[in-house]
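Next come the chains, spelled out residue by residue.
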Amino acid sequence: MDVDEALRLAVDRHRSGDLAGAETGYRAVLDEAEHPVALRNLAVLLETTERTDEARRLYGRWATLVPESAAVWQTLGNFHRFTGELEAAERAYRRAMELDSSLRQVQADLGLVLLAEGRFAEGWPLYEQRPRRLRTAARRLSFPEWMGEPLAGKRLFVWSEQGYGDQIMMARFVRELGAAHVTLTCAPGLARLFAQLPAEIVPLAEELQAQAHDFWVLPMSIPAKLGVREATIPNAPYLTAPARPGGGIGVMARGNPAYAWDRSRSPPEAIRAELLALPGAVSLEPGDTGAADFQDTAEIVAGLDLVVTSDTSVAHLAGALGKPTWLLLSDHGLDWRWMRGRADSPWYPSLTLYRQPRAGDWAAVVAEVRRDLAQFTNAVPQD
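Rules of the game
- Residues numbered from 1 in each chain as written.
- Predicted model: local features only at pLDDT ≥ 70, side-chain atom pairs only at ≥ 80, totals over all residues.
- Heavy atoms only, no water.
- Helix = DSSP H or I, 4+ residues; strand = E, 2+ residues; numbered from the N terminus.
- Buried < 20%, exposed > 50% of the residue type's maximum accessible area, 1.4 Å probe, protein only.
- 1 Å grid on protein atoms, 1.4 Å probe; cavity = no way out; pocket = protein on both sides within 12 Å on 5 of 7 lines; lining within 4 Å.
- Points joined across faces, edges and corners; volume = space filled by probe spheres on them.
- Nonpolar A, V, L, I, M, F, W, Y, C, P; charged D, E, K, R; others polar.
- Polar contact = N/O pair within 3.5 Å; in protein donor to acceptor, adjacent residues only side chain to side chain.
- Contact = heavy atoms within 4.5 Å.
- Core = buried A, V, L, I, M, F, W, Y, C linked by side-chain atoms within 4.5 Å.
- Arc of directions from axis to C-beta.
- Pairing = 2+ DSSP bridges.
- Axes fitted to C-alpha atoms, helices over the stretch in contact; angles between N-to-C directions.

A.B. asks: Report on unusual backbone geometry, specifying residues and quantitative values.
C.D. replies: Omega for the bond connecting A236 with P237 falls within 30 degrees of zero, at 5 degrees, which places this linkage in the cis form. Position of P237 among the secondary structure elements: in the loop between α12 (222-226) and β5 (249-252). Positioned with a positive phi, E50 is a non-glycine residue whose angle comes to about 65 degrees. On the secondary structure map, E50 appears in the loop between α3 (36-48) and α4 (52-65). When its relative accessible area of 29% is taken as the criterion, E50 is described as partly exposed. We note that Q162 has phi near 65 degrees; this positive angle belongs to a residue other than glycine. Turning to its location among the elements, Q162 is positioned in the loop between β1 (155-158) and α10 (164-170). Residue class for Q162 comes out partly exposed when judged on its relative accessible area of 40%.

Shown next as C-alpha coordinates:
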(Lines give C-alpha, C1' and ligand atoms only; values in the text may rest on other atoms or scores of the structure.)
Protein backbone atom coordinates (compact mmCIF):
# COMPACT_ATOMS: atom_id res chain seq x y z
CA MET A 1 0.00 0.00 0.00
CA ASP A 2 1.44 3.40 -0.96
CA VAL A 3 1.63 6.36 1.42
CA ASP A 4 -1.34 8.25 -0.03
CA GLU A 5 -3.63 5.23 0.25
CA ALA A 6 -2.46 4.53 3.81
CA LEU A 7 -3.14 8.16 4.73
CA ARG A 8 -6.61 8.05 3.17
CA LEU A 9 -7.50 4.96 5.21
CA ALA A 10 -6.21 6.58 8.42
CA VAL A 11 -8.28 9.71 7.75
CA ASP A 12 -11.38 7.58 7.14
CA ARG A 13 -10.83 5.82 10.46
CA HIS A 14 -10.30 9.14 12.21
CA ARG A 15 -13.56 10.53 10.82
CA SER A 16 -15.46 7.40 11.83
CA GLY A 17 -14.23 7.67 15.43
CA ASP A 18 -11.77 4.78 15.29
CA LEU A 19 -9.00 6.72 16.99
CA ALA A 20 -6.81 3.71 17.71
CA GLY A 21 -6.94 2.60 14.08
CA ALA A 22 -6.33 6.13 12.86
CA GLU A 23 -3.34 6.53 15.15
CA THR A 24 -1.83 3.27 13.90
CA GLY A 25 -2.38 4.40 10.33
CA TYR A 26 -0.83 7.83 10.80
CA ARG A 27 2.21 6.33 12.52
CA ALA A 28 2.64 3.85 9.65
CA VAL A 29 2.63 6.74 7.18
CA LEU A 30 5.20 8.65 9.23
CA ASP A 31 7.43 5.57 9.32
CA GLU A 32 7.62 5.89 5.54
CA ALA A 33 7.69 9.67 5.05
CA GLU A 34 7.58 12.96 6.95
CA HIS A 35 4.12 13.66 5.60
CA PRO A 36 2.70 17.06 6.75
CA VAL A 37 -0.94 15.93 6.73
CA ALA A 38 -0.14 12.82 8.78
CA LEU A 39 1.85 14.94 11.23
CA ARG A 40 -0.95 17.44 11.61
CA ASN A 41 -3.72 14.84 11.96
CA LEU A 42 -1.82 12.71 14.44
CA ALA A 43 -1.00 15.80 16.50
CA VAL A 44 -4.70 16.72 16.57
CA LEU A 45 -5.61 13.18 17.61
CA LEU A 46 -3.04 13.21 20.41
CA GLU A 47 -4.22 16.64 21.56
CA THR A 48 -7.84 15.52 21.75
CA THR A 49 -6.79 12.48 23.80
CA GLU A 50 -4.74 14.76 26.10
CA ARG A 51 -1.29 13.49 25.14
CA THR A 52 -0.08 17.03 24.83
CA ASP A 53 3.68 16.52 25.08
CA GLU A 54 3.84 14.32 22.00
CA ALA A 55 1.27 16.51 20.24
CA ARG A 56 3.50 19.52 20.85
CA ARG A 57 6.47 17.75 19.25
CA LEU A 58 4.46 16.72 16.21
CA TYR A 59 3.04 20.20 15.73
CA GLY A 60 6.61 21.50 15.81
CA ARG A 61 7.72 19.02 13.16
CA TRP A 62 4.71 19.98 11.04
CA ALA A 63 5.62 23.68 11.26
CA THR A 64 9.17 23.02 10.05
CA LEU A 65 7.78 21.34 6.92
CA VAL A 66 5.38 24.16 5.96
CA PRO A 67 6.70 27.25 7.77
CA GLU A 68 5.04 29.72 5.40
CA SER A 69 1.50 28.44 5.99
CA ALA A 70 -0.68 30.78 8.04
CA ALA A 71 -3.01 27.86 8.81
CA VAL A 72 -0.12 26.00 10.46
CA TRP A 73 0.65 28.89 12.78
CA GLN A 74 -3.04 29.42 13.54
CA THR A 75 -3.31 25.77 14.59
CA LEU A 76 -0.17 26.09 16.70
CA GLY A 77 -1.60 29.20 18.34
CA ASN A 78 -4.80 27.33 19.16
CA PHE A 79 -2.84 24.45 20.67
CA HIS A 80 -0.67 26.69 22.84
CA ARG A 81 -3.68 28.74 23.97
CA PHE A 82 -5.50 25.56 24.95
CA THR A 83 -2.53 24.34 27.00
CA GLY A 84 -2.04 27.74 28.63
CA GLU A 85 1.30 28.49 26.93
CA LEU A 86 0.30 32.06 26.23
CA GLU A 87 3.65 33.46 25.10
CA ALA A 88 3.97 30.68 22.52
CA ALA A 89 0.35 31.21 21.45
CA GLU A 90 0.95 34.92 20.97
CA ARG A 91 4.03 34.28 18.83
CA ALA A 92 2.18 31.75 16.68
CA TYR A 93 -0.85 33.97 16.13
CA ARG A 94 1.31 36.97 15.26
CA ARG A 95 3.22 34.87 12.74
CA ALA A 96 -0.07 33.72 11.19
CA MET A 97 -1.18 37.35 10.92
CA GLU A 98 2.09 38.26 9.21
CA LEU A 99 1.46 35.55 6.63
CA ASP A 100 -2.24 36.33 6.13
CA SER A 101 -3.65 39.55 7.55
CA SER A 102 -7.20 38.60 6.51
CA LEU A 103 -7.56 35.87 9.16
CA ARG A 104 -10.07 37.55 11.47
CA GLN A 105 -10.39 34.53 13.74
CA VAL A 106 -6.64 34.63 14.39
CA GLN A 107 -6.91 38.26 15.44
CA ALA A 108 -9.81 37.45 17.74
CA ASP A 109 -7.95 34.51 19.27
CA LEU A 110 -4.87 36.66 19.82
CA GLY A 111 -7.19 39.08 21.57
CA LEU A 112 -8.27 36.30 23.94
CA VAL A 113 -4.62 35.52 24.71
CA LEU A 114 -3.97 39.15 25.60
CA LEU A 115 -7.13 39.36 27.71
CA ALA A 116 -6.02 36.24 29.61
CA GLU A 117 -2.80 38.11 30.39
CA GLY A 118 -4.71 41.16 31.60
CA ARG A 119 -3.66 43.25 28.57
CA PHE A 120 -7.14 44.65 28.07
CA ALA A 121 -6.16 47.75 26.05
CA GLU A 122 -4.59 45.51 23.37
CA GLY A 123 -6.98 42.58 23.71
CA TRP A 124 -10.44 44.12 23.33
CA PRO A 125 -9.88 45.68 19.86
CA LEU A 126 -8.46 42.42 18.51
CA TYR A 127 -11.36 40.42 19.95
CA GLU A 128 -13.70 42.73 18.04
CA GLN A 129 -12.52 40.98 14.86
CA ARG A 130 -14.33 37.76 15.83
CA PRO A 131 -16.36 36.44 12.89
CA ARG A 132 -19.58 36.33 14.93
CA ARG A 133 -19.53 40.10 15.35
CA LEU A 134 -18.62 40.72 11.72
CA ARG A 135 -21.40 38.43 10.48
CA THR A 136 -23.88 40.36 12.62
CA ALA A 137 -22.60 43.64 11.21
CA ALA A 138 -23.12 42.28 7.71
CA ARG A 139 -26.87 41.86 8.32
CA ARG A 140 -27.36 45.49 7.19
CA LEU A 141 -29.76 46.42 9.93
CA SER A 142 -31.72 49.63 9.58
CA PHE A 143 -29.60 51.16 12.35
CA PRO A 144 -25.82 51.11 12.92
CA GLU A 145 -23.58 49.23 15.31
CA TRP A 146 -22.80 51.15 18.47
CA MET A 147 -19.15 52.15 18.40
CA GLY A 148 -18.99 53.85 21.79
CA GLU A 149 -20.90 57.07 21.12
CA PRO A 150 -22.76 58.69 24.05
CA LEU A 151 -26.07 56.91 24.53
CA ALA A 152 -28.03 59.58 26.42
CA GLY A 153 -31.51 59.71 24.91
CA LYS A 154 -30.73 56.75 22.61
CA ARG A 155 -32.26 53.29 22.23
CA LEU A 156 -29.78 50.40 22.22
CA PHE A 157 -30.46 46.85 21.06
CA VAL A 158 -28.17 44.20 22.63
CA TRP A 159 -28.07 41.00 20.59
CA SER A 160 -27.72 37.65 22.32
CA GLU A 161 -24.27 36.10 22.00
CA GLN A 162 -22.49 32.95 23.16
CA GLY A 163 -23.38 30.81 26.19
CA TYR A 164 -25.25 31.25 29.44
CA GLY A 165 -22.15 32.23 31.41
CA ASP A 166 -21.11 34.85 28.85
CA GLN A 167 -24.57 36.41 28.95
CA ILE A 168 -24.60 36.51 32.76
CA MET A 169 -21.11 38.00 32.81
CA MET A 170 -22.00 40.81 30.40
CA ALA A 171 -25.34 41.59 32.08
CA ARG A 172 -23.38 43.72 34.56
CA PHE A 173 -22.94 46.39 31.89
CA VAL A 174 -26.65 47.10 31.35
CA ARG A 175 -26.60 49.61 34.19
CA GLU A 176 -23.42 51.23 32.86
CA LEU A 177 -24.62 52.10 29.36
CA GLY A 178 -26.51 55.33 30.04
CA ALA A 179 -29.03 54.69 27.27
CA ALA A 180 -32.61 55.93 27.46
CA HIS A 181 -33.81 52.45 26.59
CA VAL A 182 -32.01 49.10 26.37
CA THR A 183 -33.48 46.00 24.76
CA LEU A 184 -31.55 42.97 25.99
CA THR A 185 -32.02 39.68 24.20
CA CYS A 186 -31.07 36.49 26.01
CA ALA A 187 -31.48 32.75 26.13
CA PRO A 188 -34.99 31.85 27.34
CA GLY A 189 -33.58 30.25 30.49
CA LEU A 190 -32.18 33.63 31.58
CA ALA A 191 -35.27 35.76 30.94
CA ARG A 192 -36.76 35.64 34.46
CA LEU A 193 -33.36 36.22 36.08
CA PHE A 194 -32.65 39.25 33.87
CA ALA A 195 -36.09 40.79 34.50
CA GLN A 196 -34.50 42.73 37.39
CA LEU A 197 -32.20 44.62 35.01
CA PRO A 198 -33.15 48.12 33.73
CA ALA A 199 -33.89 46.82 30.25
CA GLU A 200 -36.61 45.33 28.13
CA ILE A 201 -35.85 41.60 28.18
CA VAL A 202 -36.54 39.64 25.01
CA PRO A 203 -36.01 35.86 25.26
CA LEU A 204 -34.76 34.53 21.97
CA ALA A 205 -36.25 31.23 20.95
CA GLU A 206 -35.30 32.11 17.40
CA GLU A 207 -33.56 34.91 15.49
CA LEU A 208 -35.19 38.29 15.99
CA GLN A 209 -35.17 41.24 13.59
CA ALA A 210 -34.66 44.35 15.69
CA GLN A 211 -36.56 47.54 14.89
CA ALA A 212 -36.87 51.10 16.18
CA HIS A 213 -33.47 51.41 17.84
CA ASP A 214 -30.63 53.85 17.34
CA PHE A 215 -27.81 51.32 17.68
CA TRP A 216 -27.13 47.61 18.12
CA VAL A 217 -24.25 45.90 19.92
CA LEU A 218 -23.15 42.40 20.89
CA PRO A 219 -22.76 41.94 24.66
CA MET A 220 -19.17 40.70 24.39
CA SER A 221 -18.33 43.94 22.56
CA ILE A 222 -19.54 46.23 25.34
CA PRO A 223 -16.23 46.12 27.32
CA ALA A 224 -14.35 47.23 24.21
CA LYS A 225 -16.78 50.09 23.55
CA LEU A 226 -16.53 51.25 27.17
CA GLY A 227 -12.74 50.87 27.28
CA VAL A 228 -12.95 48.53 30.27
CA ARG A 229 -9.74 47.84 32.16
CA GLU A 230 -9.30 45.59 35.19
CA ALA A 231 -9.68 48.54 37.55
CA THR A 232 -12.92 49.69 35.90
CA ILE A 233 -14.82 46.39 35.73
CA PRO A 234 -18.29 46.97 37.26
CA ASN A 235 -18.21 45.09 40.51
CA ALA A 236 -20.32 42.14 41.56
CA PRO A 237 -22.85 41.45 42.95
CA TYR A 238 -25.10 42.92 40.30
CA LEU A 239 -27.92 40.35 40.41
CA THR A 240 -30.13 39.38 43.34
CA ALA A 241 -32.53 36.55 44.14
CA PRO A 242 -34.74 35.67 47.11
CA ALA A 243 -33.01 32.95 49.09
CA ARG A 244 -34.63 29.56 49.44
CA PRO A 245 -33.87 28.12 52.88
CA GLY A 246 -31.32 25.38 53.06
CA GLY A 247 -27.71 26.38 53.56
CA GLY A 248 -24.87 24.00 52.86
CA ILE A 249 -22.62 23.59 49.83
CA GLY A 250 -24.00 23.55 46.30
CA VAL A 251 -22.03 21.27 43.98
CA MET A 252 -22.11 21.40 40.19
CA ALA A 253 -19.48 19.09 38.72
CA ARG A 254 -20.90 18.62 35.24
CA GLY A 255 -20.72 21.03 32.33
CA ASN A 256 -22.50 21.11 29.01
CA PRO A 257 -21.64 17.79 27.33
CA ALA A 258 -22.06 19.44 23.93
CA TYR A 259 -19.02 21.62 24.61
CA ALA A 260 -16.08 20.33 22.55
CA TRP A 261 -13.67 20.11 25.49
CA ASP A 262 -16.11 19.15 28.23
CA ARG A 263 -14.10 15.96 28.75
CA SER A 264 -11.25 18.09 30.08
CA ARG A 265 -13.42 20.62 31.87
CA SER A 266 -15.78 18.31 33.76
CA PRO A 267 -14.31 15.95 36.38
CA PRO A 268 -14.93 12.21 36.06
CA GLU A 269 -17.78 10.59 37.96
CA ALA A 270 -15.52 9.43 40.81
CA ILE A 271 -14.45 13.03 41.51
CA ARG A 272 -18.03 14.24 41.23
CA ALA A 273 -19.03 11.63 43.82
CA GLU A 274 -16.28 12.86 46.16
CA LEU A 275 -17.51 16.42 45.88
CA LEU A 276 -21.11 15.40 46.55
CA ALA A 277 -19.88 13.50 49.62
CA LEU A 278 -18.48 16.68 51.20
CA PRO A 279 -20.24 17.61 54.46
CA GLY A 280 -23.40 19.54 53.68
CA ALA A 281 -23.09 19.10 49.91
CA VAL A 282 -26.18 19.19 47.69
CA SER A 283 -26.35 18.81 43.92
CA LEU A 284 -27.16 21.89 41.84
CA GLU A 285 -27.95 19.91 38.72
CA PRO A 286 -31.41 20.91 37.47
CA GLY A 287 -32.43 17.25 37.30
CA ASP A 288 -31.82 17.05 41.06
CA THR A 289 -33.10 20.47 42.13
CA GLY A 290 -36.09 20.66 39.79
CA ALA A 291 -34.93 24.11 38.60
CA ALA A 292 -36.73 25.15 35.43
CA ASP A 293 -34.42 28.06 34.65
CA PHE A 294 -31.61 30.20 36.05
CA GLN A 295 -34.00 32.16 38.27
CA ASP A 296 -34.83 28.96 40.13
CA THR A 297 -31.15 28.08 40.42
CA ALA A 298 -30.35 31.63 41.59
CA GLU A 299 -32.87 31.31 44.44
CA ILE A 300 -31.32 28.00 45.49
CA VAL A 301 -27.79 29.44 45.30
CA ALA A 302 -28.82 32.50 47.31
CA GLY A 303 -29.73 30.23 50.23
CA LEU A 304 -26.42 28.34 50.23
CA ASP A 305 -23.25 29.01 52.20
CA LEU A 306 -20.90 28.12 49.33
CA VAL A 307 -20.91 26.92 45.73
CA VAL A 308 -18.30 24.46 44.44
CA THR A 309 -18.47 24.06 40.67
CA SER A 310 -16.60 23.10 37.53
CA ASP A 311 -19.49 24.39 35.42
CA THR A 312 -18.76 27.97 34.44
CA SER A 313 -22.37 29.07 33.94
CA VAL A 314 -23.07 28.28 37.61
CA ALA A 315 -19.84 30.07 38.56
CA HIS A 316 -20.97 33.19 36.68
CA LEU A 317 -24.40 33.02 38.29
CA ALA A 318 -23.08 32.56 41.83
CA GLY A 319 -20.43 35.23 41.29
CA ALA A 320 -23.02 37.68 39.95
CA LEU A 321 -25.04 37.07 43.14
CA GLY A 322 -21.96 37.65 45.31
CA LYS A 323 -22.08 34.11 46.71
CA PRO A 324 -18.75 32.57 47.86
CA THR A 325 -17.85 30.32 44.96
CA TRP A 326 -15.01 27.91 44.31
CA LEU A 327 -14.45 27.23 40.62
CA LEU A 328 -12.52 24.08 39.74
CA LEU A 329 -10.45 24.55 36.59
CA SER A 330 -8.76 22.04 34.32
CA ASP A 331 -5.12 22.50 33.37
CA HIS A 332 -6.30 22.45 29.74
CA GLY A 333 -8.57 24.85 27.92
CA LEU A 334 -7.60 28.12 29.61
CA ASP A 335 -10.56 30.50 29.47
CA TRP A 336 -9.42 34.10 29.05
CA ARG A 337 -11.71 35.49 31.76
CA TRP A 338 -10.13 33.40 34.52
CA MET A 339 -6.75 34.72 33.36
CA ARG A 340 -3.50 32.96 34.10
CA GLY A 341 -2.00 31.89 37.39
CA ARG A 342 -4.56 33.68 39.57
CA ALA A 343 -6.62 32.31 42.42
CA ASP A 344 -8.98 35.29 42.32
CA SER A 345 -11.03 36.99 39.63
CA PRO A 346 -11.41 40.70 38.90
CA TRP A 347 -14.85 39.90 37.49
CA TYR A 348 -16.22 38.31 40.67
CA PRO A 349 -14.70 39.21 44.08
CA SER A 350 -16.48 36.25 45.75
CA LEU A 351 -14.81 33.75 43.40
CA THR A 352 -11.82 31.55 44.27
CA LEU A 353 -10.12 29.55 41.51
CA TYR A 354 -8.76 26.05 42.08
CA ARG A 355 -6.52 24.97 39.22
CA GLN A 356 -5.19 21.53 38.37
CA PRO A 357 -1.42 21.42 39.07
CA ARG A 358 -1.09 19.17 36.02
CA ALA A 359 -3.36 17.86 33.30
CA GLY A 360 -6.02 15.49 34.60
CA ASP A 361 -5.07 15.83 38.28
CA TRP A 362 -8.50 16.40 39.80
CA ALA A 363 -7.46 14.54 42.96
CA ALA A 364 -5.11 17.38 43.90
CA VAL A 365 -7.90 19.90 43.36
CA VAL A 366 -10.28 17.95 45.62
CA ALA A 367 -7.59 17.68 48.29
CA GLU A 368 -7.17 21.46 48.22
CA VAL A 369 -10.94 21.96 48.42
CA ARG A 370 -11.14 19.63 51.44
CA ARG A 371 -8.37 21.52 53.20
CA ASP A 372 -9.95 24.93 52.63
CA LEU A 373 -13.44 23.68 53.39
CA ALA A 374 -12.46 22.85 56.95
CA GLN A 375 -11.47 26.48 57.48
CA PHE A 376 -14.51 27.81 55.63
CA THR A 377 -16.92 25.68 57.67
CA ASN A 378 -15.42 26.94 60.92
CA ALA A 379 -15.89 30.52 59.70
CA VAL A 380 -19.59 30.11 58.77
CA PRO A 381 -21.83 31.43 61.59
CA GLN A 382 -23.97 28.76 63.20
CA ASP A 383 -27.65 29.17 64.07
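A.B. asks: For empty space enclosed by the protein, give the residues involved together with the corresponding values.
C.D. replies: Tallying each qualifying case throughout the model produces 1 cavity of 30 Å³ or more. Considering only enclosed or pocket space, the largest cavity measures out at about 90 Å³ in volume. Along its surface, the largest cavity is lined by 15 residues, and V158, M170, A171, L184 and P219 are the ones closest to its centre. For the lining of the largest cavity, the secondary-structure elements that each account for two or more residues are α10 and β2 (181-186). The dominant element in the lining of the largest cavity, judged by the number of residues it contributes, is β2, at 3 residues. A breakdown of the residues in the lining of the largest cavity according to their chemical character gives 12 nonpolar, 3 polar and no charged.

A.B. asks: For the side chain of D109, give the residues involved together with the corresponding values.
C.D. replies: With respect to the secondary-structure elements, D109 resides in helix α7 (residues 104-116). Of note is the side chain of D109, whose polar atom sits 3.3 Å from the side chain of R81. Excluding its chain neighbours within four sequence positions, the residues that come into contact with D109 are N78, R81 and Y93.

A.B. asks: Let's hear about the nonpolar core: which residues, and what values?
C.D. replies: Counting residues in hydrophobic clusters, the biggest one holds 69 residues, and the most contacted among them are I168, F194, L239, W336, W347 and Y348. When residues no more than four places from it in sequence are discounted, the contact partners of F194 are Q167, I168, A171, L184, C186, I201 and L239. Counting 24 residues, the second largest nonpolar core, distinct from the first, contains A10, L39, A55 and F79.

A.B. asks: With reference to specific residues and values, describe helix α8 (residues 120-127).
C.D. replies: Among the residues making up α8, those that are buried are F120, G123, W124, L126 and Y127. Angular distribution of buried residues about the axis of α8 spans 170 degrees; they occupy a single face of the element. Residues of α8 that are buried make contact with α6 (86-99), α7 and α12.

A.B. asks: Residues and numbers for the pairing of β5, please.
C.D. replies: The alternating pattern of β5 places I249 and V251 on one face and G250 and M252 on the opposite face, and all of these are buried. Examined bridge by bridge, β5 and strand β6 (residues 281-283) share 3 bridges and lie parallel to one another. Within β6, the position partnered with I249 by the bridge is A281. Where β5 and strand β7 (residues 306-309) come together, 4 bridges link them in parallel fashion. Of the residues in β7, the one forming a bridge with M252 is T309.

A.B. asks: Lay out the environment of T325 with the relevant residues and their values.
C.D. replies: With respect to the helices and strands, the residue T325 is situated in strand β8 (residues 325-329). Through-space distance from the C-alpha of T325 to that of E54 is 35 Å; in sequence the pair is 271 residues apart. At 2.7 Å, the side chain of T325 forms a polar contact with the backbone oxygen of K323.

A.B. asks: Kindly report on the sheet that holds strand β9 (residues 351-355), identifying the contributing residues and their values.
C.D. replies: Spatially, the 5 strands line up as an open sheet ordered β6-β5-β7-β8-β9, and their pairing is parallel. Of all the strands in the sheet, the pair left with one neighbour each is β6 and β9. Direction aside, neighbouring strands of the sheet carry axes that sit 25 degrees apart on average. Of the strand pairs in this sheet, β7 and β8 are connected by 3 bridges, and their pairing is parallel. Opposite T309, over in β8, you have L327 as the bridge partner. Relative to β8, helix α17 (residues 312-320) is tilted by about 155 degrees, and along the sheet it contacts β5, β7 and β8.

A.B. asks: Tell me about the sheet that holds strand β3 (residues 200-203), and please be specific about residues and values.
C.D. replies: Strand order in this open sheet of 4 strands is β3-β2-β1-β4, and the pairing throughout is parallel. Bordering the open sheet on either side are β3 and β4 (215-217), each of which pairs with just one other strand. Ignoring strand direction, the axes of neighbouring strands in this sheet form an average angle of 20 degrees.

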